[in-house]
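# Notes for the structure review
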Amino acid sequence: MNNKIIVLLMSMLIPFLGKAQEVAGPEMADTFRSEGKIYVVISVISIIFMCLIGYLVYIDMKLRKLEK
């Protein structure tokens, strides 16, 4: 199970390793960034994503317990 978690985390980090060319972003992102609201959006998305991962790990543990 630890290997699966490590592989999952590594696969999530792969897009950050490659640096994309900077292009002009959408106007909404610039507005959020200038007002500081982008950090709120990123933190809410991160919390939701982490809750989903936690729920999937919890379900996986319950299934393994039932299989035994």
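Rules used in this analysis
- Residues numbered from 1 in each chain as written.
- Predicted model: local features only at pLDDT ≥ 70, side-chain atom pairs only at ≥ 80, totals over all residues.
- Heavy atoms only, no water.
- Helix = DSSP H or I, 4+ residues; strand = E, 2+ residues; numbered from the N terminus.
- Buried < 20%, exposed > 50% of the residue type's maximum accessible area, 1.4 Å probe, protein only.
- Areas by Shrake-Rupley, 256 points an atom, 1.4 Å probe, with all protein chains shown as cover.
- Patch = residues over 30% accessible without salt bridge, like charges linked within 9 Å, V, L, I, M, F, W, Y side chains within 5 Å.
- Salt bridge = Lys/Arg side-chain N within 4 Å of Asp/Glu carboxyl O.
- pLDDT = per-residue confidence, 0-100.

## Some details on the overall build of the protein
- Of regular secondary structure, the protein possesses three helices and zero strands.
- Listing each helix as α and each strand as β along the protein from the N terminus yields α-α-α.
- Residue burial in the protein is summarised as follows: out of 68 residues, 4% are buried.
- A total of about 6,600 Å² of accessible surface is found on the protein, and carbon and sulfur atoms cover 70% of it.

## Some points on a nonpolar patch on the surface
- A cluster of nonpolar residues, Val40, Val44, Ile48 and Leu52, forms a patch on the protein surface that exposes about 360 Å² of accessible area.
- If you trace the backbone, Ile48 turns up in helix α3 (residues 38-67).

## Observations concerning the pattern of salt bridges
- All chains considered together, the criterion is met by one salt bridge.
- As a salt-bridge pair, Asp60 and Arg64 come within 3.4 Å of each other at their nearest N and O atoms. Of the two residues, Asp60 and Arg64 both sit in helix α3, four residues apart, roughly one turn of that helix.
- The exposure class assigned to Asp60 is partly exposed, which follows from its relative accessible area of 26%.

## A few points about the confidence of the model for the protein
- Mean pLDDT over the protein stands at 79; residues scoring 70 or higher make up 74%.
- Summarising per-element confidence for the protein, the mean pLDDT is lowest in helix α1 (residues 2-17) (71) and highest in α3 (93).

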